[in-house]
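# Summary of the model geometry
In case you want the letters, here they are:
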Amino acid sequence: MSAPASPIWHPFTQHGLEEPVPLVTHAEGALLHTAEGRTVIDAISSWWVTTHGHCHPRIMAAVAAQAQRLDQLIFAGWTHEPAEAVAAGLTAIMPPELTRVFFSDSGSTSVEVALKMALGYWHARGEPRHRIVVMEHSYHGDTIGAMSVGARGVFNRPYEPLLFDVGRIPFPAAGAEQDTLDALEALCRGGDAAALIVEPLVLGAGGMLVYGPETLRAMREICASHGVLFIADEVMTAWGRTGTLLACEQAGIVPDILCLSKGLTGGALPLAVTMATEPIFAAHWSTDRARMFFHSSSYTANPVACAAAAANLAIWREEPVRTGIEDLSRRQAAWLEKLGRFCHFDNPRALGTIAALDVRSRGEGGYLDDLAPRLMAFFRERDVLLRPLGNTVYVMPPYCITDDQLDDVWNAIGEAVISF
Ligand SMILES: *Cc1c(COP(=O)(O)O)cnc(C)c1O
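Residue indices begin from 1 for each chain and proceed along its sequence in written order. Side-chain atom pairs in this predicted model are given and counted only at pLDDT of 80 or more, local residue features only at pLDDT of at least 70, and totals for whole chains, interfaces and linings cover all residues. Side-chain numbers here rest on the full set of heavy atoms in the structure, without hydrogens or water.

Time to look at the side chain of Thr244. Only runs of H or I of at least four residues qualify as helices and only runs of E of at least two qualify as strands under DSSP, and these elements are numbered from the N terminus. Topologically, Thr244 is positioned in the loop between strand E10 (229–233) and helix H8 (248–251). Whenever two N or O atoms come within 3.5 Å, that pair is a polar contact, provided that in protein one can donate a hydrogen and the other can accept it, and provided that, for residues adjacent in sequence, both atoms are side-chain atoms. Among the polar contacts made by the side chain of Thr244, one reaches the main-chain carbonyl oxygen of Leu246 at a distance of 2.7 Å. Setting aside residues no more than four positions away along its own chain, Thr244 makes contact with Glu249 and Gln250. Note on contacts: a residue pair is in contact if any heavy atoms of the two residues lie within 4.5 Å.

So, in structure tokens, the structure goes:
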């Protein structure tokens with residue numbers, strides 16, 4: 001071990017491999033500029049968060065203005081204009097059944113809040129339901145509760161003894177959807193199921209695994225028929241990622257609890273919300289302090305982050321965001337098809353602005369297969385930021401990516417598919 005050049009301990013990074021850590025000085029649109037003078041195309045929206053592009057002028061202006069007015073405020077029993085604007089904006093744009101907005105700071109915490117709301121609901125009703133039902137290969141975050149409801153594997157092996165027990169249903173692979181529905185029905189019949197938590201239509205970190213809206217709808221109906229709460233983790237899928245504002249929209253369903261984070265601020269600042277229907281809120285409503293919802297973090301609804309989210313909502317209301325998403329979705333699908341004509345890869349899939357394929361690997365194909373870091377290095381040399389999941393290469397760019405930039409990304413992928 002040599003003396004570190006920087007004391008920073010990076011997330012999801014094995015420092016023992018001494019892979020380069022590029023330093024980025026500034027960004028705009030889909031481009032990152034490094035201290036070395038390179039211009040890199042951010043083809044994964046800086047880990048799925050940047051929707052309209054980096055340093056969007058309208059969001060940056062809102063942040064700058066808010067920073068001059070109110071920086072931070074205790075949110076227990078106090079409120080401020082940006083939070084009210086975000087809550088009003090969300091209730092106007094999201095399904096009307098979701099009447100309540102609870103703020104937190106990250107996708108993981110929005111999931112923790114969702115789980116606590118669901119368990120609190122059953123507790124308040126005096127019904128002993130504690131089991132959370134989850135889907136195989138899911139990812140819901142890296143805190144203990146979020147890991148408990150996510151896939152178990154190399155990511156969380158050291159913590160396994162602390163993770164709570166859940167009910168599991170298989171991923172609805174094409175042709176095997178009924179197995180998923182049967183497993184869900186059986187778990188719901190068990191009587192102790194409090195809630196199902198799912199990533200609607202596409203499992204992100206699990207490998208961009210796509211399933212159909214009919215299955216999502218059928219799962220929602222099974223839950224409803226047994227009174228099991230339905231939690232949609234739309235942390236990745238919301239804000240147009242899958243082609244619609246929410247992925248749930250494509251299945252014509254509304255969850256009881258909805259988790260939002262990544263694109264909530266357009267990807268500019270950390271913020272999350274958990275939205276809930278009136279019965280969930282009502283279960284916690286009381287004149288008894290012992291029945292309040294016991295959850296908060298220091299920076300809940302930080303005003304500057306809320307100003308960014310309010311600007312994002314205004315952009316959705318006033319600018320042709322949906323047209324841009326439709327356009328990018330078409331360009332992504334066209335590239336996937338074009339590439340398929342020239343080279344071989346497995347399992348091409350596209351959903352809205354997300355496109356993915358599996359590179360044929362000679363290794364085992366798991367997350368720790370060294371194919372992923374080799375691919376990542378290959379793309380980095382070509383000034384394209386992609387971060388494959390095992391042998392799955394996916395493109396999830398900011399919606400403002402230009403034709404030329406997208407061509408560069410897909411040409412690099414084409415080269416990789418041939419070379420590896
Ligand atoms: C990223 C992600 C999370 C966790 O969000 P963080 O902000 O990283 O904590 C939760 N659920 C899904 C579906 C995600 O993609």
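UniProt positions are given in the numbering used here, feature names are shortened, and annotations may be inferred rather than shown by experiment. What UniProt calls "binding site: substrate" (unreviewed entry) maps, in this numbering, to Trp47, Tyr139, Lys262, Ser296 and Arg387. Considering the C-alpha atoms alone, the annotated residues occupy 341 residues of sequence and remain spread out, their largest mutual distance being 32.9 Å. As for the lining of the second largest pocket, the annotated residues named previously contribute Ser296. Within the element layout of this structure, Tyr139 appears in the loop between strand E5 (131–135) and helix H5 (144–148). Those residues in contact with Tyr139 that lie beyond four places of it in its chain are Glu199, Ala205 and Asp233. In terms of polar contacts, Tyr139 uses its side chain to reach the side chain of Asp142, at 3.2 Å. Note on placement: Arg387 falls in the loop between strand E15 (384–385) and strand E16 (392–395). Within polar-contact distance, the side chain of Arg387 engages the backbone oxygen of Phe12 at 3.1 Å. Using only the protein atoms, space was sampled on a 1 Å grid; points where a 1.4 Å probe fits but cannot get out form cavities, open sets with protein on both sides within 12 Å along at least five of seven lines form pockets, and lining residues are those with an atom within 4 Å of a point.

The salt bridge definition used is simple: a Lys or Arg side-chain nitrogen within 4 Å of an Asp or Glu carboxyl oxygen. As enumerated under the stated definition, the model contains 19 salt bridges in all. Among the salt bridges present, the one from Asp403 reaches Arg331, with a minimum N-O distance of 2.9 Å. Of this pair, Asp403 sits in helix H13 (residues 403–419) while Arg331 sits in helix H11 (residues 321–342), placing them 72 residues apart in sequence. Asp403 gets classed as partly exposed once you look at its relative accessible area, which sits at 47%. Between buried and exposed lies partly exposed: a residue is buried under 20% and exposed over 50% of the maximum accessible area for its type, with that area taken using a 1.4 Å probe on protein chains only. On the basis of relative accessible area, Arg331 is assigned to the buried category, the value being 15%. Among the charged side chains, a network of salt bridges with common partners joins Arg58, Glu318 and Glu319.

With numbering aligned to this structure, UniProt lists the feature "modified residue: N6-(pyridoxal phosphate)lysine" (unreviewed entry) at Lys262. Residue placement: Lys262 occurs in the loop between strand E11 (257–260) and strand E12 (272–277).

Side-chain atoms within 4.5 Å link the members of a nonpolar core, which is a set of buried Ala, Val, Leu, Ile, Met, Phe, Trp, Tyr and Cys residues. With 99 residues, the main nonpolar core has Met219 and Ile413 as its most contacted residues. Counting residues per element, this core draws most heavily on helix H10 (residues 303–318), at 10 residues. Filtering out sequence-adjacent residues up to four positions away, Met219 remains in contact with Met135, Ile169, Thr180, Leu181, Leu184, Leu196, Val198, Tyr211 and Phe230.

Grid points are joined across faces, edges and corners, and a volume is the space filled by probe spheres set on the points. Empty space within the second largest pocket amounts to approximately 890 Å³. If you go around the second largest pocket, you meet 29 residues; those closest to its centre are Val101, Phe102, Phe281, Phe293 and His295. Put simply, the parts of the chain that give the lining of the second largest pocket at least two residues each are helix H3 (81–93), strand E4 (98–104), E12 and helix H9 (278–284). It is E4 that contributes the most residues to the lining of the second largest pocket, 5 residues altogether. Three classes are used, and their members are as follows: Ala, Val, Leu, Ile, Met, Phe, Trp, Tyr, Cys and Pro are nonpolar, Asp, Glu, Lys and Arg are charged, and the others, Gly among them, are polar. Looking at side-chain class alone, the lining of the second largest pocket contains 15 nonpolar, 10 polar and 4 charged residues.

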